[in-house]
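# Observations on the model geometry
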Amino acid sequence: MSKKMHIKMNVNGKDEEFLAEPRELLIYTLRERLNITGPHIGCETSHCGACTVTINGKSVKSCTMFVAQADGAEVTTIEGLGGPENLHPLQEAFKEHHGLQCGYCTPGMITRATKLLEEIPNPTEEEIRFGMAGNICRCTGYQNIVKSIQAAAAEMNAAKEAAE
Ligand code: FES
Ligand code: FES
């Protein structure tokens, strides 16, 4: 048994504090320790991106990070972006434009897409496909995911302009 570490982190705006073995992967912390089960596990080789969350402003595959590395971090998962009563524009757009089927890749896709749209608020199709290349989907063929992200970008840019 390795020695447990004292970890503190803020997940979706809530402070969490616990003891964890250094080898605990962040995806298991989220899913099994904190019961935040939106982020999923689709591989063991860091390819699929189903586990994508945002850590201190960056898209991170939480299967490839130890919880010890996230000590002191701010973590956002799909649950922190919006819920059934207050959908994030990307959640709304994925629903409207059929950007999901089984839904297993969706939490990672949408969490990644929030960062992509921060990085490039008005992306071309090519920039969307490249920017989302770390997230694999077995159902949609990606076409409607691209459409959903384009629609959300248009919506978010219009809302920003209206607010100015
Ligand atoms: S579970 Fe596949 S990249 Fe994390
Ligand atoms: S919707 Fe099924 S894997 Fe993407």
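One structure accompanies this document, and this report is about it.

How each quantity is defined
- Residues numbered from 1 in each chain as written.
- Chains lettered and ligands numbered in written order.
- Predicted model: local features only at pLDDT ≥ 70, side-chain atom pairs only at ≥ 80, totals over all residues.
- Heavy atoms only, no water.
- Pairing = 2+ DSSP bridges.
- Helix = DSSP H or I, 4+ residues; strand = E, 2+ residues; numbered from the N terminus.
- Axes fitted to C-alpha atoms, helices over the stretch in contact; angles between N-to-C directions.
- Contact = heavy atoms within 4.5 Å.
- Polar contact = N/O pair within 3.5 Å; in protein donor to acceptor, adjacent residues only side chain to side chain.
- Expected span 1.5 Å × (residues − 1).
- Buried < 20%, exposed > 50% of the residue type's maximum accessible area, 1.4 Å probe, protein only.

Looking now at the sheet that holds strand 1 (residues 5-11). Spatially, the 5 strands line up as an open sheet ordered 2-1-5-3-4, and their pairing is mixed. The open sheet has two free edges, formed respectively by strand 2 (14-20) and strand 4 (58-61), since each of these has just one partner strand. Strand-to-strand twist across the sheet, computed as the mean angle between neighbouring axes with direction ignored, equals 40°. Examined bridge by bridge, strand 3 (residues 52-55) and strand 5 (residues 74-76) share 2 bridges and lie antiparallel to one another. Each residue of the ladder has a partner; that of Ile55, found in strand 5, is Val75. Strand contacts of helix 1 (residues 26-33): strand 1, strand 2, strand 3 and strand 5, with the helix running at about 110° to strand 2, the strand carrying the most contacts. Against the sheet, helix 4 (residues 106-119) engages strand 3, strand 4 and strand 5, with an angle of about 35° to strand 3.

Examined against the element boundaries, Gln69 turns out to sit in the loop between strand 4 and strand 5. Spatially, the C-alpha atoms of Gln69 and Glu79 are 21 Å apart, while their sequence positions differ by 10 residues. For Gln69, the side chain forms a polar contact with the main-chain nitrogen of Phe66, separated by 2.7 Å.

The next point concerns helix 4. Its 14 residues place the ends of helix 4 20 Å apart at the C-alpha level, agreeing with the 20 Å of an ideal helix rising 1.5 Å per residue. Among the residues of helix 4, those classed as buried are Thr106, Pro107, Gly108, Met109, Ile110, Thr111, Arg112, Ala113, Thr114, Lys115, Leu116 and Leu117.

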